[in-house]
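Read off the chains here:
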There are 6 protein chains.
Amino acid sequence: MSRRARILVINPNSNEAVTDGLADALEPLAFTDGPEIVCRTLREGPFGIESQKDAESVTLPLARLVAEDPADAFIIACYSDPGLHVCREATPRPVFGIAECGVLTALSRADRFGVIAIKAGSIRRHLRYLRQMGLMERLAGERPLEMSVAETASGEGTLARMIAVGRELRDLDGAEALVMGCAGMARHRKALEDELGIPVIDPTQAAVAMAIGAVQVAQMR
Amino acid sequence: MSRRARILVINPNSNEAVTDGLADALEPLAFTDGPEIVCRTLREGPFGIESQKDAESVTLPLARLVAEDPADAFIIACYSDPGLHVCREATPRPVFGIAECGVLTALSRADRFGVIAIKAGSIRRHLRYLRQMGLMERLAGERPLEMSVAETASGEGTLARMIAVGRELRDLDGAEALVMGCAGMARHRKALEDELGIPVIDPTQAAVAMAIGAVQVAQMR
Amino acid sequence: MSRRARILVINPNSNEAVTDGLADALEPLAFTDGPEIVCRTLREGPFGIESQKDAESVTLPLARLVAEDPADAFIIACYSDPGLHVCREATPRPVFGIAECGVLTALSRADRFGVIAIKAGSIRRHLRYLRQMGLMERLAGERPLEMSVAETASGEGTLARMIAVGRELRDLDGAEALVMGCAGMARHRKALEDELGIPVIDPTQAAVAMAIGAVQVAQMR
Amino acid sequence: MSRRARILVINPNSNEAVTDGLADALEPLAFTDGPEIVCRTLREGPFGIESQKDAESVTLPLARLVAEDPADAFIIACYSDPGLHVCREATPRPVFGIAECGVLTALSRADRFGVIAIKAGSIRRHLRYLRQMGLMERLAGERPLEMSVAETASGEGTLARMIAVGRELRDLDGAEALVMGCAGMARHRKALEDELGIPVIDPTQAAVAMAIGAVQVAQMR
Amino acid sequence: MSRRARILVINPNSNEAVTDGLADALEPLAFTDGPEIVCRTLREGPFGIESQKDAESVTLPLARLVAEDPADAFIIACYSDPGLHVCREATPRPVFGIAECGVLTALSRADRFGVIAIKAGSIRRHLRYLRQMGLMERLAGERPLEMSVAETASGEGTLARMIAVGRELRDLDGAEALVMGCAGMARHRKALEDELGIPVIDPTQAAVAMAIGAVQVAQMR
Amino acid sequence: MSRRARILVINPNSNEAVTDGLADALEPLAFTDGPEIVCRTLREGPFGIESQKDAESVTLPLARLVAEDPADAFIIACYSDPGLHVCREATPRPVFGIAECGVLTALSRADRFGVIAIKAGSIRRHLRYLRQMGLMERLAGERPLEMSVAETASGEGTLARMIAVGRELRDLDGAEALVMGCAGMARHRKALEDELGIPVIDPTQAAVAMAIGAVQVAQMR
């Protein structure tokens, strides 16, 4: 292998704290002789992506970024996968969306999966996207925390609330694995999994693992 | 992280040459400070897994192996995913099937995927399994090489035949990514991808990348 | 018609009481000039089939049995249909699984069906199998008795519990026919149907009726 | 069992030759101590059911017949299943449609099925009905003979044409079992099956076998 | 455009009050230079269409009517769409069913829709029809008013009951648009929509709008 | 009704000739006492929308326009429905996408529909969108003209090519109605329909008819 590959993880909102959180969450996937994993904030992004308008506002900036940046693979680190298709049009290199990768990775671990959403309002958008991906058949359910992104990131009660919602997904809906439906929940992953006894997937970690596979095998002779 | 994790890749047939091929294919995913990737031949396996009976004959030996081996994650490296569910029952640690992971990884790269089978006779089994996984909606098509496993592994004309079949999947069926439907085709992956211009997924590499993700994040505090 | 056909109903567990129960349940389908219906215990089977491992342990013994026995048709009388595909590979004669036949027969009687499972733990396996069969679209729901097989077979309260669960399937889930999700519930079929007012299908009876059709028409000139 | 049950097979067209053919086809399912199988011509039916109007014209006469006749089960012996739901509304006793039973029985024998239609024009109606039944997922394909009903019943070349079409369904579409999409093809069933080497289902025979199961178990104490 | 087109809206029951209600509901779609909209009672129809038998009883009279009447398009104004396919066979001019058009129009306004049925008993028939139409994927749910048609038409409490049921569909089932599952609810449409804040579709109005489109563009040079 | 409603049809590309063509195509839906139909060019749009980037570039301008313009309903007149969801977020008034309305209207006319695309490259995007809409089950097929938008609009051979492609969709794929997959094909609609003998839907006309229904009934007391 000639050179070290680079995976660019793009936080499409402009909240640097989220980007820092991503970097922490991805540390266990940064190998000395593996691809470099770089987390970057999309300068043009809104402070948070909560509406469809927020999502649309980042599609072209993301496409410009992937067209210009020489990374070997890109991750769009927002659970709406904004701009995924326009980015794929903008570069022949692999572009991964964390929602898609999070769900696909849950499917590699168990038969039916549940999703923990932050807000009830986003479930409708997630369902539409799952339908587009053709992945509804193994969905057990999606339930919201009904907390703000800010609360989720910092609040004391977040883990407790996640456990409560996760239990409903597991016991009422039949989920055998969970996807955390937001880029900013990673630090609760382990505790949630330990508590619930079923695999819990952080979607950014999932996407980076898949990206590592893509860039490493691309370098074989 | 306290200790180096270990991923056990099990070749369920007893053909050591296949196991050696797996080890070669997985080298780019073996990182100095990443999980150890060990490829192992299932002693009890038949020389090749071509029939349903061959597949059934390895389910219990595989379950015994995953119950006893202390690895952090297991890969069943046969495109029929034999014994996947009994192995998951036998251990709480993650068990991945390469067919499932190969398809899921193709879905992370493009909208519709095609599968290159070795023989026409296995397509029916693959379709039944895709239906079980609920992943039919994005299947563009599956087409056979109509070569023996032996021919596929060694023969001169294999790559040429794969390219011809891959072109049909891409141009006639609309596949935008391909899965190689056998554990022993990895060494043709790069050439096939370069020739066709769409992502080509080796399912064992795909499964190991997902397993790396699983074991690494499990070790975070 | 030259000779009397024979249908072999195989109880894949080694509990003779279950085999005897099957024989009783099938008596109304044993016609003087119809096919002989023989119920037989799989010697190699575990005492009960409750886990995936139990199911896997009988696949090859079943395949050997159908390859060697000269019966005209075979029924695998366990609601997991263990070994169905390997048995079909082992003989050109018809092999029926009772889960498949039970559901298909329910579909011949009403639009949406419900399933009474013995334990919650098996529902996940049943759903996966229904998805494999492509028969999810008319499933109204599946609910467990949460009794042991032993209790189900002998206990006083079994019928009362079946009626309660059946009412939920009919009234809450919209089931218009029910499948009893176990080979050992046949003697409650009539009482349950009378109580609920919708068709109740014993899957072994359903499979034998279909097998009778298959073997009889095969003998026409 | 107190009395002999009776299954009424209704030919909804007024062509007595078709009714006689049904009787011949059902002879192997008439057991001395089994249910009596009676074939009857619907007096009000058109000479053949080829259009939607023909089908609609028999729904109310069929409903009247099943409401008045004391049979234990009814079979509507036309591959459009005309009047199935209004008949089920008219009687609490089981009413079977041969199209539904034919397809369900094919599903009990193999993974994917094909249908031999008489005319191309009826395929659209059959597909709509398969969609209503939720049974499209295992359809391999449907192909027409493009012969008239009369030709099919009497013509010399019918079997040869059925074999040719059956081969296309098996080899091009992947069908592993075939349903004969008409009530009047039964006498070619055996020859077609022998020639093609995959199960061929006559839908009326299939429906009667399921009806035998229903009426016999209904008589158990 | 040479002449004024005519759309014939057929009330298949013989209750003139329902026909008058249709005429009122369609007034806003009657443009001076648009197609003439004529509402007509099917003389042969039953007083109400509540059973499958009622529905079957009108199919042939409807087909005769559309074959003979010179209208440019036809609407079958009963939420079971009785006779839709036989009417399409009877005339090359467009025939619309209000159930189909109501659902399709809801899909043009929001992602997932709910249906307000009059009685629980009709939900099963509606679901079967939705499955036939291949439109289940975006169904959020269907819930009944459990009122008689008469009550619905005249009763004081109808609107209040519709609002209560509509809230359940919106809040518990996730419906983002509603279809009123009966031809006689139109006068409550506006109030219901205002109260719930999501689009509410009267299926007859929906069908007429689509028919206007069809007949007007047919007249372009 | 207090005032005349207004429907704003937005051509999201900046080609005024296309806007003029839309106005011509919509003339038969402009009634003296019906809603005013205004066609408008999106100033910020690219000259044609052919890539994903083109589509993304108009989403926010469209959202701004619908938020500010006082029209009673909006039509996004591009067969990719760009910005549909962000526009619906930006206004409580109805927003219609012509692709969605074109397909839904085809479904109101026949069982299975085909789509005539301009270029092969857009079929993949259309299929993904159909999957998102949950409307794949009745798709017979989609085939491209393989002409440029310019050629389609002006060229001599366009109609001949559309007829050839339409015949394939009808005869090889089984389409019983066709959707013209572009906003600029309307003037060929009538000739194509006359030639093929099955309904041909211009999606902009379809959307406007649905919009007329929406705005007119909204004005009832």
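To be clear, the structure that these remarks concern was listed above.
Since this is a predicted model, take the numbers as computed values, not measurements.

Student: Please explain the pairing of strand S2 (residues 36–41) of chain A as it appears in this structure.
Tutor: Along a regular strand, successive side chains alternate from one face of the sheet to the other. Residues and elements named next belong to chain A. The pairing of strand S1 (residues 6–11) with S2 spans 6 bridges and is classified as parallel. Looking across to S2, one finds that isoleucine 10 is bridged to arginine 40. Note on the crossover from S1 through helix H1 (residues 16–26) to S2: the handedness is right-handed.

Student: Looking at this structure, I do not really get the packing of helix H5 (residues 98–107) of chain B against helix H10 (residues 203–218) of chain B. What am I missing?
Tutor: In a packed pair of helices, the relevant descriptors are the angle between the two axes and the axis-to-axis distance. Residue and element names in this part refer to chain B. Where H5 meets H10, the closest approach of the two axes is 8 Å, and the angle between their N-to-C directions is 85 degrees. Taken together, the axes of H5 and H10 lie roughly perpendicular to each other. Every residue of H10 that contacts H5 at Ile98, Cys101, Gly102, Leu104 and Thr105 is listed here: Pro203, Thr204, Ala206, Ala207 and Met210. Partitioning the contact of H5 with H10 into residue classes produces 7 nonpolar, 3 polar and no charged.

Student: Help me understand the side chain of arginine 138 of chain E, please; the structure alone is not making it clear to me.
Tutor: Following the sequence through the fold, arginine 138 of chain E ends up in the loop between helix H6 (123–133) and strand S6 (139–144). Classification of arginine 138 of chain E by relative accessible area gives buried; the value is 3%. Separated by 2.8 Å, the side chain of arginine 138 of chain E and the backbone oxygen of aspartate 111 of chain E make a polar contact. Looking at arginine 138 of chain E, its side chain comes within polar contact range of the main-chain oxygen of methionine 133 of chain F, at 3.0 Å. Each residue touching arginine 138 of chain E, except ones within four places of it in the same chain, is listed here: Arg131 of chain A, Leu107, Ala110, Asp111, Arg112 and Phe113 of chain E together with Glu100, Met133 and Leu135 of chain F.

Student: What should I look at first to understand the sheet that holds strand S8 (residues 200–201) of chain D in this one?
Tutor: What links the strands of a sheet is backbone hydrogen bonding, and the strands pair in either a parallel or an antiparallel sense. Residue and element names in this part refer to chain D. Read across the sheet, 4 strands follow the order S6-S5-S7-S8 without closing on themselves; strand pairing throughout is parallel. Each edge of the sheet is formed by a strand with only one pairing partner; in this case those strands are strand S6 (139–144) and S8. The pairing of strand S5 (residues 113–117) with strand S7 (residues 177–180) spans 4 bridges and is parallel. Considered in S7, the bridge of phenylalanine 113 is made with alanine 177.

Student: I tried to follow the interface of chain A and chain F on my own but got confused; where do I start?
Tutor: Of the residues lining the interface, 15 residues belong to chain A; the matching set on chain F comes to 15 residues. Summed over both partners, the interface of chain A with chain F comes to about 1400 Å²; 60% of that surface belongs to carbon and sulfur atoms. It is Glu56, Arg128 and Gln132 of chain A that lose the most area in chain A upon contact with chain F, and together they represent 34% of the buried surface on that side. Along the contact surface separating chain A from chain F lie 0 salt bridges.

Student: Before we go on, may I ask you to explain the relation of the copies chain A and chain F in this structure?
Tutor: The operation linking the two copies of the chain is a rotation about an axis combined with a translation along the axis. When chain A is fitted to chain F, the best match, at an RMSD of 0.0 Å, comes from turning it 180 degrees and sliding it 0.0 Å along the axis. Taken together, the rotation angle and the small translation identify this as a two-fold axis. Proximity to the rotation axis, assessed at the C-alpha, singles out glutamine 132 of chain A in chain A; its C-alpha lies 1.8 Å from the axis. Taken together, the interface assignments show that 100% of the residues at the interface of chain A recur at the interface of chain F, consistent with an identical surface on both copies.

Student: In this structure, what is going on with the state of the cysteines? I would like to understand it.
Tutor: Each disulfide is one covalent bond, formed between the sulfur atoms of two cysteines. Residue and element names in this part refer to chain F. Applying the stated rule across the entire model yields 0 disulfides over all chains. We note that cysteine 39 lacks a disulfide partner, and the nearest cysteine sulfur, in cysteine 78, lies 15 Å from it. For cysteine 39, a relative accessible area of 21% puts it in the partly exposed group. Here cysteine 78 stays unpaired: no disulfide links it, and the sulfur of cysteine 182, its closest cysteine neighbor, is 8.0 Å away.

Student: I would appreciate a short explanation of a negative patch on the surface in the present structure.
Tutor: Together, Glu137 of chain B, Glu137 of chain C, Glu137 of chain D, Glu137 of chain E together with Glu137 of chain F make up a region of like negative charge exposed at the surface. Mapping glutamate 137 of chain F onto the fold places it in the loop between helix H6 (123–133) and strand S6 (139–144).

Rules and cut-offs
Residues numbered from 1 in each chain as written. Chains lettered and ligands numbered in written order. Predicted model: local features only at pLDDT ≥ 70, side-chain atom pairs only at ≥ 80, totals over all residues. Heavy atoms only, no water. Pairing = 2+ DSSP bridges. Helix = DSSP H or I, 4+ residues; strand = E, 2+ residues; numbered from the N terminus. Right-handed = clockwise from strand over helix to strand, strands pointing away. Axes fitted to C-alpha atoms, helices over the stretch in contact; angles between N-to-C directions. Parallel < 35°, antiparallel > 145°, perpendicular 65-115°, else oblique. Contact = heavy atoms within 4.5 Å. Nonpolar A, V, L, I, M, F, W, Y, C, P; charged D, E, K, R; others polar. Buried < 20%, exposed > 50% of the residue type's maximum accessible area, 1.4 Å probe, protein only. Polar contact = N/O pair within 3.5 Å; in protein donor to acceptor, adjacent residues only side chain to side chain. Buried area = accessible area lost by both parts, 1.4 Å probe. Salt bridge = Lys/Arg side-chain N within 4 Å of Asp/Glu carboxyl O. Least-squares fit on C-alpha atoms with pLDDT ≥ 70 in both. Disulfide = S-S within 2.5 Å. Patch = residues over 30% accessible without salt bridge, like charges linked within 9 Å, V, L, I, M, F, W, Y side chains within 5 Å. Areas by Shrake-Rupley, 256 points an atom, 1.4 Å probe, with all protein chains shown as cover. Lys, Arg positive; Asp, Glu negative; His and termini not counted. Charge placed at Lys NZ, Arg CZ, Asp CG, Glu CD.

Distances and angles like these do not, on their own, reveal function.
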